Amino acid sequence: MREFFGFGGYQRTPEGYLSWQHLTFVTTLMVIMTVLAVTLGRRNRSKSLEKKNRVMIWAAILIDGIELFKIVMMCFTTGDSMHWLRNLPLFLCSIQLITIPLAAFSRGRVQEAALDFVCIFGLLGAVLGTYGAGQNYACYPVISLDNVASGLTHSISGFAALYILISGMASMKKKNIPITFAILLFFCVAAYTANVCLDYNYMFLMAGDGTPYDILFNLVGGHKVIYPLSVVGLFLVYIVVYQLGYHLATGKKTAKQEEMA
C-alpha cells in the first residue's frame, strides 16, 4: 500500500507507455465502462428523465470523489501542500469533473448543454486519457495511485458519454452549440492563463508532452501562438463534426423541425 500511494516516491520502475501491463489495465477499464453503460443505458432508456438522471448523479459523485481523494493523498505523499495547483480541472478530460455534476444537478437548457458536452468529449477523453496517456504511464507504475485514479476518472467520463447516448438523454440541439463552445473556450482561456502563471501545461496548450498532441506540435514547429490556437481550433471543429455525425447517424430532425417541436 505504501508503494501504491507513492510515499517517498515510487520505487518500482514504470512498466512503460504501451507496455502489455498498460494496455491490459486500460482495456479492462474500457470493457467494464462499456458493459455498464450499455446495460444501464438500455435498462433506463424508456424511463423518465429523473430516473435516468440518477445514474448521472452517481457518476458525478464518483468522479469528483475519486479525484478529490487523489489530490488530497498526493499532497501528503509528495509533501507539497500546493500540489493541488498541478491538479486543477483544466485538462480537456478534467472539464468533466465540472460538466458531469452540472449535467446531473442542473435543469433546463443548461442541463441539455452539459449533457451534450459530456456526450461529445467524454468518450474522446476516456480514450486519450487511458490509451493516449504517455505522460502518465511512462513516468508512474501502472498500478499506482496516479494511474489507477486517472484511469477510473477517465473511464467514468467515457461511461457517462455512452450512457447519455444509449439512454436517450442527449439532445444535440443546434441552438445549444454556442453554449458548448462557450464552456470549452472558458476553460481554454483559464487553462492558458494557469499555464503562463504556473509554468504548466494544462490542456496541453503549451506542448504535446508525450501525448498524441505531439503530432500537431511537431507539424507547426512548436510555434507558441499557432500551436495553442490550433489545439483550440481542433476542439471546436470536433464539436461540429460530432454534432453532424450524430444527426446523420440518428436521423435527427432539422433545426427548423426542432423549433416547431
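The text that follows walks through the structure, step by step, so that each part is easy to find. (Residues numbered from 1 in each chain as written. Predicted model: local features only at pLDDT ≥ 70, side-chain atom pairs only at ≥ 80, totals over all residues. Heavy atoms only, no water.)

Concerning the overall build of the protein
Turning to step 1, where the next piece is worked out: Across its full length, the protein carries 11 helices and 0 strands.
Turning to step 2, where the next piece is worked out: Mapped in sequence order, the helices and strands of the protein form the string α-α-α-α-α-α-α-α-α-α-α.
Turning to step 3, where the next piece is worked out: Its C-alpha atoms give the protein a radius of gyration of 19 Å, within 12% of the compact-globule value 18 Å for 261 residues.
Turning to step 4, where the next piece is worked out: Counting only C-alpha atoms and orienting by the principal axes, one finds that the protein spans roughly 60 × 40 × 35 Å.
Turning to step 5, where the next piece is worked out: Residue burial in the protein is summarised as follows: out of 261 residues, 46% are buried.
Turning to step 6, where the next piece is worked out: Within the protein, counting contacts between residues at least 6 apart in sequence, those at least 24 apart form 75% of the total.
Turning to step 7, where the next piece is worked out: Working note: accessible area of the protein is about 13100 Å², and carbon and sulfur atoms make up 69% of it. (Helix = DSSP H or I, 4+ residues; strand = E, 2+ residues; numbered from the N terminus. Rg over C-alpha atoms; globule rule 2.2 N^0.38 Å. Buried < 20%, exposed > 50% of the residue type's maximum accessible area, 1.4 Å probe, protein only. Contact = heavy atoms within 4.5 Å. Areas by Shrake-Rupley, 256 points an atom, 1.4 Å probe, with all protein chains shown as cover.)

Some points on the side chain of serine 19
Turning to step 1, where the next piece is worked out: Among the structural elements, serine 19 can be located in the loop between helix H1 (2-5) and helix H2 (20-44).
Turning to step 2, where the next piece is worked out: A polar side-chain atom of serine 19 sits 2.8 Å from the main-chain carbonyl oxygen of glycine 16. (Polar contact = N/O pair within 3.5 Å; in protein donor to acceptor, adjacent residues only side chain to side chain.)

Some words on the layout of surface pockets
Turning to step 1, where the next piece is worked out: Put simply, the largest pocket is a space of about 850 Å³.
Turning to step 2, where the next piece is worked out: In this structure, the largest pocket is lined by 39 residues; those nearest its centre are Lys70, Asn87, Phe91, Gln135 and Asn136.
Turning to step 3, where the next piece is worked out: Elements supplying a minimum of two residues to the lining of the largest pocket: helix H3 (49-78), helix H6 (134-137) and helix H7 (145-167).
Turning to step 4, where the next piece is worked out: In terms of residues, the lining of the largest pocket owes the most to one element, H3, which gives 6 residues.
Turning to step 5, where the next piece is worked out: Among the residues making up the lining of the largest pocket, the classes are represented as 17 nonpolar, 17 polar and 5 charged.
Turning to step 6, where the next piece is worked out: Considering the residues around the second largest pocket, the lining is formed by 13 residues, among which Leu36, Leu62, Ser155, Ile156 and Phe159 are closest to the centre.
Turning to step 7, where the next piece is worked out: Counting residues per element, the ones that place at least two in the lining of the second largest pocket are H2, H3 and H7.
Turning to step 8, where the next piece is worked out: The biggest single contributor to the lining of the second largest pocket is H2, with 5 residues. (1 Å grid on protein atoms, 1.4 Å probe; cavity = no way out; pocket = protein on both sides within 12 Å on 5 of 7 lines; lining within 4 Å. Points joined across faces, edges and corners; volume = space filled by probe spheres on them. Nonpolar A, V, L, I, M, F, W, Y, C, P; charged D, E, K, R; others polar.)

Quick notes on the packing of H3 against H7
Turning to step 1, where the next piece is worked out: Orientation of H3 relative to H7, taken along the N-to-C sense of each, is 165°, at an axis distance of 10 Å. Taken together, the axes of H3 and H7 are roughly antiparallel relative to one another. H7 is crossed by H3, and the crossing has left-handed handedness. For the pair H3 and H7, the contacting residues are Lys52, Val55, Met56, Ala59, Leu62, Ile63, Ile66, Glu67, Phe69, Lys70, Met73 and Met74 in the first and Leu145, Asp146, Ala149, Leu152, Thr153, Ile156, Ser157, Phe159, Ala160, Tyr163, Ile164 and Ser167 in the second.
Turning to step 2, where the next piece is worked out: Residue composition of the contact of H3 with H7, by class: 17 nonpolar, 3 polar and 4 charged. (Axes fitted to C-alpha atoms, helices over the stretch in contact; angles between N-to-C directions. Parallel < 35°, antiparallel > 145°, perpendicular 65-115°, else oblique. Left-handed = near helix turned anticlockwise from the far one by under 90°.)

Observations regarding unusual backbone geometry
Turning to step 1, where the next piece is worked out: If you check the backbone angles, leucine 18 has positive phi at about 65° while not being a glycine.
Turning to step 2, where the next piece is worked out: Residue position: leucine 18 is located in the loop between H1 and H2.
Turning to step 3, where the next piece is worked out: Even without a glycine there, the phi angle at methionine 172 is positive, about 50°.
Turning to step 4, where the next piece is worked out: For methionine 172, the location among the structural elements is in the loop between H7 and helix H8 (177-198).

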